[in-house]
Amino acid sequence: VDVDGTTKTVWTTADSVGEAVDELGLRGDVQLSASRSSSLDRGVLRVSTQKSVHVSVDGQLIDAVSSGDTVRDALIDVGLVLGEDDEVSVPLDATAVDGLVVVVTRAQSTGETTTEAMPYETQQVEDADLAKGTTKVVTPGKAGVRTTTYDVVTRAGVVVSRTAVASVVTSEPV
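Please read these numbers as outputs of a predicted model, since none were measured by experiment. (Residues numbered from 1 in each chain as written. Predicted model: local features only at pLDDT ≥ 70, side-chain atom pairs only at ≥ 80, totals over all residues. Heavy atoms only, no water.)

*Asks:* Please clarify how unusual backbone geometry should be interpreted in this entry.
*Replies:* With the exception of glycine, most residues fall at negative phi, and the peptide bonds are largely trans. Notably, Asp58 is not glycine yet its phi reads approximately 50 degrees, a positive angle. With respect to the element layout, Asp58 can be found in the loop between strand S5 (51-57) and strand S6 (60-66). Of note in this structure, Ala156 is not a glycine but carries a positive phi near 55 degrees. Here Ala156 lies in the loop between strand S10 (144-155) and strand S11 (158-171). (Helix = DSSP H or I, 4+ residues; strand = E, 2+ residues; numbered from the N terminus.)

And the structure:
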């Protein structure tokens, strides 16, 4: 028998899974790897009992009861949907235990657009009509503009990644 991740050998005279579970004193809402009416065999019977689960997410503390085997199962029982970049304080495949506390840090993804100046190039051309060392501006330069859009991911208000997704020259330098 494997009860909440702990395996032990049990001798019983029970004929069915339900009788064996009753002999073990496992009452209430338990999840079983086989139907209660199934005949017992020499395989491992997996039993998951109800556990209290405490989840801190979005500024709230959710107290719930779950009979899930893993942290992932417990979060599903609570009704919590994790985002792709969310972080969980306990590995999702860890065994769920009574009194389990899980802290979920939500990640937010936002778009951010910035503009930056693009410098112009200065060209110097020799002119025999000007005195040596004298310069004359023929065409004044003008900086260009580049617009870049970023995908910014934050967790708990801290930027954890900033990825450029598009960059366009909106005004060429002259």
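More follows now that the structure is in view.
*Asks:* Quick question: what am I supposed to make of the packing of aromatic side chains here?
*Replies:* Two aromatic rings are characterised by how far apart their centres lie and by the angle between their planes. Applying the stated rule across the entire model yields zero aromatic pairs. Stacked on the ring of Tyr150, the Lys or Arg Arg162 has its end atom at 3.8 Å from the ring centre. (Phe/Tyr/Trp six-rings, centres within 6.5 Å; stacked < 30°, edge-to-face > 60°. Lys NZ or Arg CZ within 6 Å of the ring centre and 35° of its normal.)

*Asks:* Can you help me understand the sheet that holds strand S4 (residues 46-48) in this one?
*Replies:* Adjacent strands of a sheet pair through backbone hydrogen bonds, lying either parallel or antiparallel. Pairing is mixed across the open sheet formed by four strands, whose spatial order is S2-S1-S4-S3. With one partner strand each, in any of the chains shown, strand S2 (6-7) and strand S3 (31-32) form the two edges of the open sheet. Direction of pairing for strand S1 (residues 2-3) relative to S2: antiparallel, over a ladder of two bridges. Paired with Val3 across the bridge in S2 is Thr6. (Pairing = 2+ DSSP bridges.)

Keep in mind that these numbers describe shape and distance, not what the molecule does.
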